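Observations on the model geometry
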Amino acid sequence: MMEDIYKVGDYVSHPYKPEWGEGKIETVTDSSVHIFFSKEPEQKTQMFGRVGFRGEIAWDSSDETGEKYSEQLNEDEFAEYFKKPEKIYSLQELGKSPPPSVPGVYGWYFDKLPPYVPKKGCTVVKIGWLFRRKWHLLYIGNAKNLKDRVFNYHIKGRYYPEGTMSSFRLSLGCLLSERLGLVLSYPPESFGKKTEQFDKWFEKHARAAWIKTGNIEAVESKAIANYTLPLNYEHNTRHPLADPLNVLRTEFKNIAKNSVRKPSKKDFKKAYNRFVKKCKALGIKK
């Protein structure tokens, strides 16, 4: 067991780059150890299963030796993390201590699912000892900058240059539109006066976890293939909710951008009703 050899908080040296000095062990799982080198803040050693006794590291993805064996690096090691994350963070915790500004892959967990989001097959993380709350993993994404994507775009609702919000935030808003009375306005994309209500629901029912890795696309792709993720669309078209939700997002955006007349609540209601009809046809229940 890695936990018997490596301890969070301990310092070890990089086997191939001694000039980095000692790095601090941040996370230890059953199959990997993650180390942060403060002198090289963009580097993160990923130690895999071939780890000998204390400090003997087979390779990592950030050095030349690792690149020689890149075909042997197993993205499953990273994807597995979201089954048993070291911690999932509430939005309040993220407000006080946002994710680091480094590349990585992140996951969003919910204790209450939005309407028509099936929980069948979803990975569940339980928190608490007496009354254990179940948190369902619904979405995984990658980011060149975890803080920017998770905190600024998903939580704070920052807009992209073209005035659009993150697709993850938009997906949640579309699904919650009937329950919270949300409509979409543009430009920029916003839930208008109901944004605060959306944020309160999000804060109450969502938590996040992440891993730092420079191999973000490969790890994300492997994770999406390994998990049941109702809110993902790219690389995830096998999920029954993927297409109906994508159509719903597109309809909401088109309605908001209508240049002929001002959109009404009825327009969004009709789009949502069409979405519900498709879900029922696919056997997806509320």
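A quick note: this is a predicted structure, and the numbers were derived from the prediction, not measured. Every chain is numbered independently, its residues counted from 1 as its sequence is written. pLDDT decides what is reported in this predicted model: residues at 70 or higher carry local features, side-chain atom pairs at 80 or more are listed and counted, and totals for whole chains, interfaces and linings draw on all residues regardless. As a convention, hydrogens and water are excluded, and side-chain values are obtained from all of the structure's heavy atoms.

**Digging into unusual backbone geometry**
Test applied: We count a stretch as a helix when DSSP gives it H or I for four or more residues in a row; a strand needs E for two or more, and each element gets its number in order from the N terminus.
The omega torsion across Y186 and P187 is -10°, close enough to zero to call that bond cis. Within the secondary structure, P187 sits in the loop between α7 (177–180) and α8 (195–205). Here the residue pair P187 and P188 is connected by a cis peptide bond, since its omega of -20° sits within 30 degrees of zero. Looking at the element boundaries, P188 is found in the loop between α7 and α8. With phi around 65°, Y116 is a residue other than glycine that occupies positive phi space. As for its position among the elements, Y116 is in the loop between β6 (104–110) and β7 (124–127). The phi dihedral of H235 falls on the positive side, at around 60°, and the residue is not glycine.

**Focus on empty space enclosed by the protein**
Here is the rule we go by: The pocket and cavity definitions rest on a 1 Å grid over protein atoms only: a 1.4 Å probe that fits but cannot leave marks a cavity, an open set with protein on both sides within 12 Å along at least five of seven lines marks a pocket, and residues lining either have an atom within 4 Å of a point. Grid points are joined across faces, edges and corners, and a volume is the space filled by probe spheres set on the points. Gly is placed with the polar residues, together with every amino acid not listed as nonpolar (Ala, Val, Leu, Ile, Met, Phe, Trp, Tyr, Cys and Pro) or charged (Asp, Glu, Lys and Arg).
Here the structure, examined in full by the defined rule, presents two cavities of 30 Å³ or more. Reported here for the second largest cavity is a volume of approximately 30 Å³. Along the walls of the second largest cavity sit P244, V247, L248, E251, A271, R274, F275 and K278, which together make up its complete lining. At the level of elements, α10 (242–256) and α11 (265–281) are the ones that each hand at least two residues to the lining of the second largest cavity. Its residues assigned to classes, the lining of the second largest cavity comprises five nonpolar, no polar and three charged.

**Regarding the packing of α10 against α11**
Two packed helices can be described by the angle between their axes and the distance between those axes. The cut-off we apply is this: Whenever a helix is involved, its axis is fitted only over the stretch in contact; in every case the axis is a line through C-alpha atoms, and angles between N-to-C directions fall within 0 to 180 degrees. When describing relative orientation, an angle under 35 degrees is termed roughly parallel and one over 145 degrees roughly antiparallel, while 65 to 115 degrees is termed roughly perpendicular and anything else oblique. It only takes one pair of heavy atoms within 4.5 Å for two residues to be counted as in contact.
The contact between α10 and α11 brings their axes to 10 Å, and the two run at 170°. On the basis of their axis angle, the class for α10 and α11 is roughly antiparallel. Contacts from P244, L245, V247, L248, E251, F252, I255 and A256 of α10 reach α11 at D267, F268, A271, Y272, R274, F275, K278 and C279. Partitioned by chemical class, the residues of the contact of α10 with α11 number 12 nonpolar, no polar and four charged.

**Examining the packing of aromatic side chains**
Aromatic ring pairs are reported here in terms of the distance separating the ring centres and the angle at which the planes meet. What counts here: Any pair of Phe, Tyr and Trp rings, taking the six-membered ring for Trp, is counted once the centres come within 6.5 Å. Such a pair is stacked with planes under 30 degrees apart, edge-to-face with planes over 60 apart, and tilted for the rest. Only protein chains enter the accessibility calculation, which uses a 1.4 Å probe; a residue whose area is less than 20% of its type maximum is buried, one above 50% is exposed, and one in between is partly exposed.
This structure, assessed with the given rule, holds 16 aromatic pairs. Ring geometry for Y89 and W210: centres 4.7 Å apart, planes at 20°, overall stacked. Taken together, the residues Y89 in strand β5 (residues 89–90) and W210 in strand β9 (residues 206–212) connect sequence positions 121 residues apart. Residue W210 is classed as buried on the basis of its relative accessible area of 13%. With 5.1 Å between their ring centres and 45° between their planes, F191 and F198 make a pair best called tilted. Given the relative accessible area of 3%, F191 is considered buried.

**Brief notes about the pairing of strand β8 (residues 133–143)**
Worth spelling out the cut-off: If DSSP finds at least two bridges between two strands, the strands pair.
In terms of residue burial, β8 counts as a mostly covered element, since nine of its 11 residues are buried. Bridging between β6 and β8 involves seven bridges; their strand directions are antiparallel. By the bridge assignment, W108 is partnered in β8 with Y139. Pairing of β7 with β8, which is carried by four bridges, proceeds in the antiparallel orientation.

**With respect to α11**
Along an α-helix, residues three or four positions apart point the same way, because every turn accommodates 3.6 residues. Filter applied, for reference: By this rule, a helix spans an expected 1.5 Å times one less than how many residues it contains.
Helix length check: α11, at 17 residues, gives a terminal C-alpha distance of 24 Å against a target of 24 Å (1.5 Å per residue), a fit within 8%. Three or more residues of α11 are buried, namely D267, F268, A271, Y272, F275, V276 and C279. Tucked inside the fold, the buried residues of α11 contact α6 (167–175), α7 and α10. Of the residues one or two after α11, G283 is the one with positive phi, at around 80°.

**Side note on a positive patch on the surface**
Quick note on the threshold: The patches described consist of residues with a relative accessible area above 30% and no salt bridge, like charges being joined within 9 Å and nonpolar side chains (Val, Leu, Ile, Met, Phe, Trp, Tyr) within 5 Å. The accessible surface values rely on the Shrake-Rupley method and a 1.4 Å probe; as for residues, cover is taken only from the protein chains in view. Put simply, a salt bridge is a Lys or Arg side-chain nitrogen that is within 4 Å of an Asp or Glu carboxyl oxygen. Lys and Arg are tallied as positive, Asp and Glu as negative. Neither His nor the chain termini are counted. Working definition for charges: the position is that of NZ of Lys, CZ of Arg, CG of Asp or CD of Glu.
Residues K119, K126, R132 and K134 make up a contiguous surface patch of positive charge. Relative to the elements of secondary structure, R132 occurs in the loop between β7 and β8.

**Focus: the sheet that holds β6**
Across the sheet, which stays open at both edges, the five strands sit in the order β5-β9-β6-β8-β7 with antiparallel pairing between neighbours. In this open sheet, the two strands that pair with only one neighbour each are β5 and β7. Packed on one face of the sheet, helix α9 (residues 216–226) meets β6, β8 and β9 and runs near 140° to β8.

**Let's talk about the packing of α6 against α10**
In contact at an axis separation of 10 Å, α6 and α10 are set at 90° when each is read in the N-to-C sense. Regarding the angle of α6 to α10, the classification is roughly perpendicular. Of the residues in α10, those in contact with S167, L170, S171, C174 and L175 of α6 are L245, L248, R249, F252 and K253. Class assignment of the residues belonging to the contact of α6 with α10 gives a composition of six nonpolar, two polar and two charged.

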